[in-house]
Amino acid sequence: MQKNNEISAVITGVGMYVPDKVLDNKYFESIVDTNDEWIRTRTGIVERRIIEDGATSDLGTRAVQDLLKSTNTDPEDIDIIIVATVTPDMFFPATACLIQDNIGAKNAWGFDFSAACSGFLFALENGANFIKSGKYKKVVVVGADKMSSIIDYTDRNTCILFGDASSAVLLEPSDDPSLGVKESILHIDGSGRNDLYMKAGGSAKPASHKTVDNGEHYIYQDGKAVFKVAVKGMADVSAEVMKKCGLNSDDIAYLVPHQANLRIIDATAKRMGISPDKVTINIQKYGNTTAATIPLCLTEYYRDRKIKKGDNLILAAFGGGYTWGAMHLVWGID
Ligand code: COA
């Protein structure tokens, strides 16, 4: 629990960017053996956005520009940029460097963070700790993924699920102990590494003609295996965080879950005793945008005036690795 003299790390601004191009379920009927009804009922997805010209750094840059504009922040005042992504522009330099240069954050340092669909949650914990250390005043945490760059559009098991997007938050210190990032419980378990991953292109199996011919540079997922552990992982850890913070379901304004599958979200909320009207959902519009899902929900629900200052939020995620966790966040923007 936070002591009164500790610095709070509070989200003081949000920003987002989704590309214009929409791929609806009908489009997928024309390229693989699927149909709108199957996709809606099995996943909750109706459409997703795809960037036609640009990379993850372009998605991230636009989200941060939206954040800077809406908070009237000078990019030169930013201390750290943390970018959660599994689709960096390249192995190196980090996408954080590219966004830093694009926005003119001349005094910032930063890095990329790889935790798949839990990336934003892990990065937010990290960013909050930099603020709580007292050394840094403005930390930008970005979730950005161009999932279309690692999708096999001939594989109906995966191609219907993912979209491209980015969203970003600004963390700043506050001496109000009631606001900001509270408890979090985060986990990794590499024994699940073969259920959701990219088989080639890294140092274990560098890219070659053979790996490309075999489609091993695309995302691979054993959907059934991931589904089961995702529900249990997100629900258990969210309940643990609530218990640690002395919260019951009536105290929660919103559960803000990673948007991978509406059935996973519904099952998680049910196990937590959270009613459906207290769950943020935008999967129908964007699909699974990996590191961007949670900040996109925060941004949209805040801008729609649904999330308000002082609201208790439980952020929860599950992703490849495995990686998973939950966080208690008290909203700090009027
Ligand atoms: N259209 C029509 N049929 C499809 C299809 C599609 N797009 N994709 C798969 N199917 C078929 C399968 O081939 C299978 O057919 P079969 O029984 O003849 O082999 C059938 O539908 C059932 O497949 P299954 O994998 O059991 O479906 P599901 O109900 O588990 O849904 C997912 C598949 C991927 C939507 C679901 O498993 C899921 O969301 N998994 C977890 C995703 C996740 O959380 N990832 C972690 C974070 S990224």
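In this text the structure is predicted, and so the values were computed from the model without any measurement.

Moving on to the domain arrangement of the chain. Here the domain parsing of the chain yields domain 1 (8-178) and domain 2 (181-330). The gap between the C-alpha centroids of domain 1 and domain 2 is 14 Å. Opposite the 52 residues of domain 1 that make contact, domain 2 presents 48 residues. Buried area between domain 1 and domain 2, both sides added, is near 3,900 Å², and the carbon and sulfur share of it is 64%. The interface formed by domain 1 and domain 2 contains one salt bridge. A salt bridge links Asp 66 to Arg 303; the nearest nitrogen and oxygen atoms lie 2.9 Å apart. The interface formed by domain 1 and domain 2 holds 21 residue pairs in polar contact (both at pLDDT 80 or more) in total. Breaking the side of domain 1 that touches domain 2 down by element, the ones donating at least two residues are strand E1 (8-17), helix H2 (36-43), strand E3 (47-50), helix H3 (56-71), helix H5 (119-132), strand E6 (139-146) and strand E7 (164-174). Broken down by element, the side of domain 1 that touches domain 2 gets its largest block of residues, seven residues, from H5. For the side of domain 1 that touches domain 2, a count of residues per class yields 28 nonpolar, 14 polar and ten charged.

Hydrogen bonds between backbone atoms are what pair the strands of a sheet, whose relative direction is either parallel or antiparallel. If you trace the five strands from one edge of the open sheet to the other, you get E1-E7-E6-E4-E5, paired in mixed fashion. The two strands at the open ends of the sheet, each matched to only one other strand, are E1 and strand E5 (109-113). Strand-to-strand twist of the sheet, defined as the mean angle between neighbouring strand axes without regard to direction, takes the value 20°. Two strands pair when backbone bridges link them, and E1 and E7 are joined in this way by nine bridges, in the antiparallel orientation. Counterpart to Ser 8 in the pairing with E7 is Ser 174. Sitting on the sheet, H3 is in contact with E1, E6 and E7, with an inclination near 120° to E1.

Below, the discussion takes up the site of the ligand. Taken together, 23 residues lie around the ligand, and Thr 34, Arg 42, Gln 221, Lys 224 and Asn 261 are the ones closest in. Contact distances for the ligand include 2.6 Å between a nitrogen atom and a side-chain N or O atom of Thr 34. Here an oxygen atom of the ligand sits 2.4 Å away from a polar atom, N or O, in the side chain of Lys 224. For the ligand, whose accessible area on its own is 960 Å², the fraction buried by protein is 76%. When contributions to the shell around the ligand are tallied by element, the ones reaching two or more residues are H2, helix H6 (156-159), helix H8 (223-244) and helix H9 (262-272). Here the shell around the ligand gets four residues from one element, more than from any other, and that element is H8. Its residues assigned to classes, the shell around the ligand comprises ten nonpolar, eight polar and five charged. When residues of the shell around the ligand are sorted by domain, at least three fall in each of domain 1 (8-178) and domain 2 (181-330).

Calculation rules
- Residues numbered from 1 in each chain as written.
- Predicted model: local features only at pLDDT ≥ 70, side-chain atom pairs only at ≥ 80, totals over all residues.
- Heavy atoms only, no water.
- Domains from an automatic or database assignment.
- Contact = heavy atoms within 4.5 Å.
- Buried area = accessible area lost by both parts, 1.4 Å probe.
- Salt bridge = Lys/Arg side-chain N within 4 Å of Asp/Glu carboxyl O.
- Polar contact = N/O pair within 3.5 Å; in protein donor to acceptor, adjacent residues only side chain to side chain.
- Helix = DSSP H or I, 4+ residues; strand = E, 2+ residues; numbered from the N terminus.
- Nonpolar A, V, L, I, M, F, W, Y, C, P; charged D, E, K, R; others polar.
- Pairing = 2+ DSSP bridges.
- Axes fitted to C-alpha atoms, helices over the stretch in contact; angles between N-to-C directions.
- Near = heavy atom within 4 Å.
- Areas by Shrake-Rupley, 256 points an atom, 1.4 Å probe, with all protein chains shown as cover.

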